[in-house]
Amino acid sequence: MKLAVIEGDGIGREVIPAALEVLDTFGLDIEKVSLELGYARWERTGAAMTEEDLDLIKECDAVLFGAITTVPDPNYKSILLAIRKGLDLYANVRPIKPLPGIAGVTGRSDFDFVIVRENTEGLYSGIEELHEDAAYTRRVITRRGSERIAAYACELAKKRDNRLTIVHKSNVIKADKLFLDVCRETAEDYGVESSDMLVDAMAYSLMKQPEKYDVVVTTNLYGDILSDMSGALVGSLGLLPSANIGEKYAFFEPVHGSAPDIAGKGIANPLAAILCVKMLLEWLGEKKASLVDEAVSHVLQNKIITPDLGGTSGTADVGHAVAEYLRSH
Ligand code: IPM
Ligand code: MG
């Protein structure tokens, strides 16, 4: 299998090497293809990514991605969005699960849910009209787009607690009625128990009763917002991995960004990137993927943690410790 590795900018360049060290301990037959994309590349060449880069990525099976700093050019289009579109990565999967010994804002650790975010349409359609006194962005909801994300979420629910919560705002936004109806029908076809929530009520409920949820399916922007909010539930955005999945390709990225304020100091928390490796291993069907969770618990219990979690270890120390645990188990 061929893996495109895009460290990107800022702390992406620190957390991805740590994640690769962890991946290497599995001894899999993976050919890595490194690509330099992002802000630094733009400064050097005037282009953050080219069509040729996208073609190179398409020759790979999966992508491990760090983070990219937004380029200060009014015509800049997000590389992340271009890759999601280019590879048709329609499902953005964000597991929200507490890590041992790390308290989130609510102090609770009895929840375990997954946000399945539609990743190709909604308000991210890219269909926009900008005038001086008015600007329009078209929110696209299609039956096909809703069906395939609902099907993905139902498949996942079947492997978990068989419960699906459909998050929408159909009391105000008519397009959401189509999303809701299609998700409901799909859940019924799959034999998955479904309920639904308005997105505002869901934001409140997730903070109050996160243990109530299993698989949460929603449209693009709601999923974006609810997943950052859920970072507070687990204690830090720096702990959340995500997978962008399509029919053919998969793309793994930490939910956090390039964090220019701490970049270059070697103190960024690599655990989100390391948990991305776990998601990659699961996608590959590697049976030992859950060992990564064990290794992460081990370093947390032994307080081999970066300053954001109150520790004094560096990015590489945490990577070495996780890798060392895996080498010896
Ligand atoms: C995310 C990010 C991206 C998004 C941005 C960087 C385009 O916030 O992955 O959640 O909005 O999807
Ligand atoms: Mg986001």
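Predicted model, so just to flag it, every value in this text is computed and none were measured. (Residues numbered from 1 in each chain as written. Chains lettered and ligands numbered in written order. Predicted model: local features only at pLDDT ≥ 70, side-chain atom pairs only at ≥ 80, totals over all residues. Heavy atoms only, no water.)

Some words on the layout of surface pockets
A volume near 820 Å³ is recorded for the largest pocket. Every residue lining the largest pocket is counted, 30 residues in all, and those nearest its centre are Pro95, Leu156, Lys278, Met279 and Glu282. Those elements giving two or more residues to the lining of the largest pocket turn out to be β4 (91–96), α5 (143–159), β11 (241–245), α9 (271–283) and α10 (291–301). Top element by residues in the lining of the largest pocket is α5. It accounts for six residues. Of the residues belonging to the lining of the largest pocket, the class tally is 20 nonpolar, one polar and nine charged. Here the lining of the largest pocket spans two domains, since at least three of its residues come from each of domain 1 (1–89 + 240–329) and domain 2 (103–235). (1 Å grid on protein atoms, 1.4 Å probe; cavity = no way out; pocket = protein on both sides within 12 Å on 5 of 7 lines; lining within 4 Å. Points joined across faces, edges and corners; volume = space filled by probe spheres on them. Helix = DSSP H or I, 4+ residues; strand = E, 2+ residues; numbered from the N terminus. Nonpolar A, V, L, I, M, F, W, Y, C, P; charged D, E, K, R; others polar. Domains from an automatic or database assignment.)

Observations regarding the site of ligand 1
Taken together, Ser78, Leu80, Leu81, Arg84, Arg94, Arg117, Tyr124, Asp224 and Glu253 make up the full set of residues near ligand 1. Between an oxygen atom of ligand 1 and a side-chain N or O atom of arginine 84, the distance comes to 2.7 Å. In the model, an oxygen atom of ligand 1 is placed 2.8 Å from a nitrogen or oxygen of the arginine 94 side chain. Within the complex, the protein chains bury 70% of what would otherwise be the 320 Å² of accessible surface of ligand 1. A total of three residues in the shell around ligand 1 trace back to one element, the largest contributor, which is helix α4 (residues 79–86). Each residue belonging to the shell around ligand 1 can be placed in one class, and the counts come to three nonpolar, one polar and five charged. In terms of domain composition, the shell around ligand 1 takes at least three residues from each of domain 1 (1–89 + 240–329) and domain 2 (103–235). (Near = heavy atom within 4 Å. Polar contact = N/O pair within 3.5 Å; in protein donor to acceptor, adjacent residues only side chain to side chain. Areas by Shrake-Rupley, 256 points an atom, 1.4 Å probe, with all protein chains shown as cover.)

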